[in-house]
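# Chains, contacts and geometry: an overview
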Amino acid sequence: MKNYKLLTPGPLTTTKTVKEEMLFDRCTWDQDYKDITQKIRDQLLEFASATKEEYTVVLMQGSGTFAVESVMTSTISDQDKVLIITNGAYGERVIKMAQYIGLNFSQYSVAYNEYPNEAEIREILEEDQEITHIVMVHCETTTGILNPIEMIASLSKEYGKTLIIDAMSSFGGIEINVPKLGIDYLISSANKCIQGVPGFGFVIANLEKLKACKGNARSLSLDLFDQWKEMDQDGKWRYTSPTHVVAAFSKAIDELVEEGGVSARFTRYQTNNRVLRERLEKVGIHAYISAEKQSPIITTFMFPNEQFNFVEFYQYVKERGFVIYPGKLTDVDTFRIGNIGEIYEEDIHELCNIIEEYMGVVTK
Ligand SMILES: *Cc1c(COP(=O)(O)O)cnc(C)c1O
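Residues numbered from 1 in each chain as written. Predicted model: local features only at pLDDT ≥ 70, side-chain atom pairs only at ≥ 80, totals over all residues. Heavy atoms only, no water.

Another point: the side chain of Thr299. As for its position among the elements, Thr299 is in strand S11 (residues 298–302). At a separation of 2.8 Å, a polar atom in the side chain of Thr299 contacts the side chain of Asn273. Excluding residues within four positions of it along the chain, Thr299 makes contact with Thr143, Asn273, Leu276, Arg277, Ala287, Gln294, Phe335, Arg336 and Ile337. (Helix = DSSP H or I, 4+ residues; strand = E, 2+ residues; numbered from the N terminus. Polar contact = N/O pair within 3.5 Å; in protein donor to acceptor, adjacent residues only side chain to side chain. Contact = heavy atoms within 4.5 Å.)

See below:
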């Protein structure tokens, strides 16, 4: 198979050195391995600007969805009610979880290309005193919209709610000061902006809130409290951990630090995204989300014309070394291009040259 670079928002293109960490089979009981887990947990806290006194990190086997479900099933009790804010497929996935778990919830939805409205959320919180928790997705990877995290955080603080943020596709690529915003549970995973390989998710949790969650979980393997209890002792995971993925992730974190941390990575991603949108705009491929709401992570583009054939376009681009993403909207024909991972401005220029060529525009 011909090699290609992934322009998909996880799994994404990782470095050779991250992949090389997986060439050794580590023992889950060995102290050196357990130390890797503890180091990862400390470093993630630092990226979140959080301290050990106030916050802790729990790693959870599985893809990102497992970590989200772990939070939903473990931190919201039968006496609680959760407000789930949605403007995309990942928010809707949280609704599905709430239904499966049997949570008491209400849904507030807006169009996929719009921000949740502060006044409307305020009205819901005023009217429904039963609500104890709020959930929102930060970067809705469905469209690439970057939801207003400060707005929801300040509302949540004002009304004294527990705040859960799915920052799966933004954490590590966009600075998020978790304690300052007052986020109680922030969820992300190994294979997004930290640029590891898929295999586990993680939760940055308010320690005091988490400690009150004992016995809530309706799932054994997804019990966030129990997972934390065991992991916090000495870095040994409850049940088999994805050893190769953990080692690769640790390397990916070191490389993020070497790059200059989250702010440096943000700048690289933002440049990638800006170049991508500017150049495609010039050949008549327009972004679905308006520029001020656009994340530097992934962009949804509308088909440029009626004749546009995504399958053919995808194949053309893939044969030239890049894999892109189909759209996830039902009402508009779209495709998506992610710009996170081991991807630089040169890669984006190369991709744009290929797309220009496909569109029949001659490049110099
Ligand atoms: C990637 C992602 C998830 C998790 O998806 P998985 O396929 O389970 O890894 C959840 N929420 C958002 C916003 C995502 O981008």
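Turning to the packing of aromatic side chains, a few remarks are in order. Within a pair of aromatic rings, the relevant descriptors are the distance that separates the centres and the angle that separates the planes. Summed over the entire model, instances satisfying the criterion amount to 16 aromatic pairs. Relative to Phe335, the ring of Phe313 has its centre 5.2 Å away and its plane inclined at 55°; by these criteria the two rings are tilted. Of this pair, Phe313 sits in helix H12 (residues 310–319) while Phe335 sits in strand S14 (residues 334–338), placing them 22 residues apart in sequence. Each of the two residues, Phe313 as well as Phe335, counts as buried. One aromatic cluster is present, built from ring pairs that chain together Phe301, Phe303, Phe308, Phe310, Phe313, Tyr314, Tyr316, Phe335 and Tyr358. Directly above the ring of Tyr316 sits Arg320, whose terminal nitrogen or CZ lies 3.5 Å from the centroid. (Phe/Tyr/Trp six-rings, centres within 6.5 Å; stacked < 30°, edge-to-face > 60°. Buried < 20%, exposed > 50% of the residue type's maximum accessible area, 1.4 Å probe, protein only. Lys NZ or Arg CZ within 6 Å of the ring centre and 35° of its normal.)

Within the largest apolar cluster, 52 residues are counted, with the highest numbers of intra-cluster contacts made by Leu44, Phe171, Ile194 and Ile204. Broken down by element, this core gets its largest block of residues, seven residues, from helix H10 (residues 243–259). What Ile204 contacts, discounting residues up to four positions off in sequence, is Leu44, Leu45, Ala48, Tyr55, Thr56, Val57, Phe171, Val178, Asp184, Tyr185 and Leu186. In terms of nonpolar packing, the next biggest core, distinct from the first, is built from 29 residues, Val71, Val82, Ile187 and Trp228 among them. (Core = buried A, V, L, I, M, F, W, Y, C linked by side-chain atoms within 4.5 Å.)

Residues in contact with the ligand, as listed here, are Ser63, Gly64, Thr65, Tyr90, Arg93, Val137, Cys139, Thr141, Asp166, Met168, Ser169 and Lys192. Between an oxygen atom of the ligand and a main-chain N or O atom of Gly64, the distance comes to 3.1 Å. At 2.7 Å, a side-chain N or O of Asp166 approaches a nitrogen atom of the ligand. Relative to its unbound accessible surface of 380 Å², the ligand loses 86% to contact with the protein. Contributions of two or more residues to the shell around the ligand are made by helix H3 (64–75) and helix H4 (89–101). (Near = heavy atom within 4 Å. Areas by Shrake-Rupley, 256 points an atom, 1.4 Å probe, with all protein chains shown as cover.)

As recorded in UniProt, the sites labelled "domain: Aminotransferase class V" (unreviewed entry) are residues 31–325. Here residues 31–325 runs as 45% helix and 17% strand, with 41 Å between its end C-alpha atoms. (UniProt positions renumbered as here; feature names shortened; annotations may be inferred.)

Here we come to the pattern of salt bridges. Evaluated as defined, the whole model comprises 19 salt bridges. When the shortest N-O distance is used, the salt bridge between Arg26 and Glu21 registers 3.2 Å. The closest approach of N and O atoms between Arg218 and Asp78, which form a salt bridge, is 2.8 Å. Taken together, the residues span a long stretch of sequence, with Arg218 in the loop between helix H8 (207–211) and helix H9 (224–234) and Asp78 in the loop between H3 and strand S3 (82–86) at a distance of 140 residues. Assessed through its relative accessible area of 32%, Arg218 is described here as partly exposed. Sharing partners across several salt bridges, the network here consists of Glu118, Arg122 and Glu158. (Salt bridge = Lys/Arg side-chain N within 4 Å of Asp/Glu carboxyl O.)

A few words now on the domain arrangement of the protein chain. As far as domains go, the protein chain holds domain 1 (5–9 + 261–362) and domain 2 (17–258). Relative placement of domain 1 and domain 2: their C-alpha centres are 27 Å apart. Taken together, the contact pairs 25 residues of domain 1 with 27 residues of domain 2. Carbon and sulfur atoms make up 60% of the area that domain 1 and domain 2 hide from each other, which totals about 2,200 Å². By the criterion of area lost to domain 2, the three top residues of domain 1 are Val262, Arg265 and Lys293, representing 30% of everything that side buries. One can count zero salt bridges joining domain 1 with domain 2. Taken together, the connections running from domain 1 to domain 2 amount to 13 residue pairs in polar contact (both at pLDDT 80 or more). Elements that contribute at least two residues to the side of domain 1 that touches domain 2 include exactly helix H11 (261–282) and S11. If you tally residues by element for the side of domain 1 that touches domain 2, the top one is H11, at seven residues. (Domains from an automatic or database assignment. Buried area = accessible area lost by both parts, 1.4 Å probe.)

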